[in-house]
Amino acid sequence: MRNKIVVGNWKMNLGRSECHKLVDDILDSLSDNKTKIVFAPPFIYLDYVSGLCLNRENMTVAAQNCSSYDNGAYTGEISAKMLNSIEVRYVILGHSERRQYFNDTDEVLKEKVERAIDNNLTVIFCCGEEISQRESNQHFDVIKQQLDSTIFKLDINDFKNIIIAYEPIWAIGTGKTASSDQAQEMHSFIRSLVNKRYDKITGTNTSILYGGSCKPVNAKDLFSKPDIDGGLIGGASLTSDDFVSIINSF
Ligand code: PGA
């Protein structure tokens, strides 16, 4: 069966001592919680935060990106192989901020997904529509196209290492959340696409997370839906009380 997962995407926030305090506070408050928890700090803190999670088998770290290249003269890039070498097991790919500001097109993302899978990383793959696309009723087509041109190129074995995060762009950092019914409708659609592309067992086993202004006030409602298996949390993952409260919403 699929896992319940909560991922904290710290984006480009926090210094090292703030990372330490945040993780310590969360660990203190969550001693007997078994939900899978993944912290996604900036690259330079991955090893450090990973060390703070030692001995907590339900906690680990994710990178926020990786290169589409294997290795070589690509100044400033971080490869999937390097992540693997420091025992990072997860990477977020396809986040709308990367698509919008850093030219992560579907073609580039397809390459990044392949590099990640080749290096034994589990990919948390983000997809989501803009508000104009939802208002013109194109949101299902947009999501299908984003998946068809990237992760659905994988064979069934490799697809086992994919977690999908549905993140409507209009809900990210805006305080506007998709209603739990809107999110459930899209998650169920995404699962039906996985069933069709692969098979029903794969669809049943794929975790689909919701992201976009997920907060303590709405997490319980969202997580109570049958096809919502957890959250990819931005702003609220930077405050221990909020993040813990979201995790405790299961
Ligand atoms: P938010 O961000 O929770 O601040 O809306 C979510 C995300 O970008 O993953």
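Residues numbered from 1 in each chain as written. Predicted model: local features only at pLDDT ≥ 70, side-chain atom pairs only at ≥ 80, totals over all residues. Heavy atoms only, no water.

(A) Region of interest: the side chain of Asp104. Mapped onto the elements, Asp104 comes out in the loop between helix H4 (96-101) and helix H5 (106-118). Taking the relative accessible area as the measure of exposure, Asp104 reaches 4% and is therefore buried. Those residues in contact with Asp104 that sit more than four places away from it in its chain are Asn65, Arg98, Arg99, Leu109 and Lys112. (Helix = DSSP H or I, 4+ residues; strand = E, 2+ residues; numbered from the N terminus. Buried < 20%, exposed > 50% of the residue type's maximum accessible area, 1.4 Å probe, protein only. Contact = heavy atoms within 4.5 Å.)

(B) View of the site of the ligand. Around the ligand sit 13 residues, and of these Lys11, His95, Glu167, Gly173 and Ser213 come closest. At a separation of 2.7 Å, an oxygen atom of the ligand approaches a polar side-chain atom of Lys11. Here an oxygen atom of the ligand sits 2.9 Å away from a polar atom, N or O, in the main chain of Gly234. Starting from 280 Å² of accessible surface for the ligand in isolation, the protein chains cover 97%. Of the residues belonging to the shell around the ligand, the class tally is four nonpolar, seven polar and two charged. (Near = heavy atom within 4 Å. Polar contact = N/O pair within 3.5 Å; in protein donor to acceptor, adjacent residues only side chain to side chain. Areas by Shrake-Rupley, 256 points an atom, 1.4 Å probe, with all protein chains shown as cover. Nonpolar A, V, L, I, M, F, W, Y, C, P; charged D, E, K, R; others polar.)

(C) Highlighting the packing of helix H1 (residues 16-29) against helix H12 (residues 240-247). Running from N to C, H1 and H12 point in directions that differ by 40 degrees, and their axes come no closer than 9 Å. Taken as axis vectors, H1 and H12 run oblique relative to one another. Judged by the sense of rotation from one axis to the other, the crossing of H1 with H12 is right-handed. Touching Leu22, Asp25, Ile26 and Ser29 of H1 are Ser240, Phe243 and Val244, all from H12. (Axes fitted to C-alpha atoms, helices over the stretch in contact; angles between N-to-C directions. Parallel < 35°, antiparallel > 145°, perpendicular 65-115°, else oblique. Left-handed = near helix turned anticlockwise from the far one by under 90°.)

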